[in-house]
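# Architecture at a glance
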Amino acid sequence: MTFMIAAYLVFWIVTFLLVFSIFNRQRNLRRDLEMVEQLVESQEQPDRR
Amino acid sequence: MTQGDRWTAILLALAGLLMVVAIILVFGVAPDPVNLVTPLERFSQRIFYFHVPTWWVGFLAFVVAASAGLLYLITRHERWDVISASSVELGVAFTTMGLITGSIWAKPTWNTWWTWDPRLTTAAIGWLMYIGYLMLRGAIDNPERRARFAAVFAIIAFLSVPLNFMAIRWWRTIHPVVIGSSSADAQGGFALGPTIQMVFFFCVFAFTVLYFALMVLRVRTEWLARRVEHLKQRIIFR
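All chains use their own residue numbering, which begins from 1 and follows the written sequence. Chain letters start at A and ligand numbers start at 1, both assigned in the order the entries are written. Under the rules for a predicted model, residues below a pLDDT of 70 receive no local features and side-chain atom pairs below 80 are neither given nor counted, while totals for whole chains, interfaces and linings still include all residues.

## Concerning the overall build of chain A
Put simply, the test is: Labels follow the DSSP assignment, with helices taken as runs of H or I lasting at least four residues and strands as runs of E lasting at least two, numbered in each case from the N terminus. Three classes are used. A residue is buried when 20 or more other C-beta atoms lie within 10 Å of its own, exposed when 12 or fewer do, and partly exposed in between, with C-beta atoms placed from the backbone.
In terms of helices and strands, chain A carries one helix and zero strands. Each principal axis of the C-alpha distribution contributes one length, and for chain A these read about 70 × 5 × 5 Å. In chain A, which comprises 49 residues, the proportion classed as buried is 8%.

So this is what it looks like as structure tokens:
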């Protein structure tokens, strides 16, 4: 029974880690995107003037 | 929350629900195979319901990656590179689970965690090739060159998939053949009863939905990463 539990635990742990890591990457990227979009906007504003 | 986020969440929830049903079927409905006598054999046999689908998803992911790689080389459209890269990452995750769960099954069944059997050896070689793919992507800075090299690598690495699948059918091996006929020398083959078959194919279906849900999530993340990279380049090279 120990082997069976170990195998299913491995599956669920790796799956949760995978999903968590993708969500985490997405959250960080959204934050980065917001920041670079602001930077691009601030760089382009003097050009418009 | 955008409409895309909502659809991704719905797909992930559906995949999660199917996985829960799969677990209920594995432990509540699937009977013990009649040829397994000891409790150790009967319990470890249940690993098969998740072990085989992890490899199925791994193979599916590598088929998608190689096809997308080929389409990238033909069209040079970035979309195919995004799909190929995302699919390999998921394929590596699922084949890693397949290798670990297989090793856990092998210990009570073969009395060893690992043996250099043709199936295990081809599985390890294939897995290492796709680890190489991820390393290759990380080592090339130029996006166009990275996509081109990765596409070629994904197609070459794909050769390991049919080799891995057929290893237990072509050569003398101790790994069981679940579907299709095996070599006359192969050991440990078994026929699936109707209930076991139903549970097994439901698990394969649930894993396939999980793969597509994760693909949608991973592809969206990859596009986001590329948009951030593009804007950073715009700031630097302005």
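Next, the rest of the story.
## Topic: the nonpolar core
Rule in force here: Each nonpolar core comprises buried Ala, Val, Leu, Ile, Met, Phe, Trp, Tyr and Cys residues, the members being joined through C-beta atoms within 7 Å. Two residues form a contact once the distance between their C-beta atoms, set from the backbone, is within 7 Å.
Among the nonpolar cores identified, the biggest contains 55 residues, and Y49(B), A61(B), A65(B), A154(B), C203(B) and Y211(B) are the most heavily contacted of them. Of all the secondary structure elements, the ones that give two or more residues to this core are α1 (2-48) of chain A together with α1 (3-29), α3 (48-75), α4 (78-110), α5 (118-139), α6 (143-157) and α8 (194-236) of chain B. Ranked by residues supplied to this core, first place goes to α3(B) with 15 residues. Those residues in contact with A154(B), other than ones at most four positions away along the chain, are A65(B), A66(B), G69(B), S84(B), V88(B) and Y133(B).

## Quick word on the environment of P53(B)
Residue and element names in this part refer to chain B. Tracing the chain through its elements places P53 in helix α3. Owing to 27 C-beta atoms within 10 Å, P53 belongs among the buried residues under this scheme. In sequence terms P53 and F202 are 149 residues apart; their C-alpha atoms lie 9.7 Å from each other. Ignoring anything within four residues of it in the chain, the contact list for P53 reads C203, V204 and F207.

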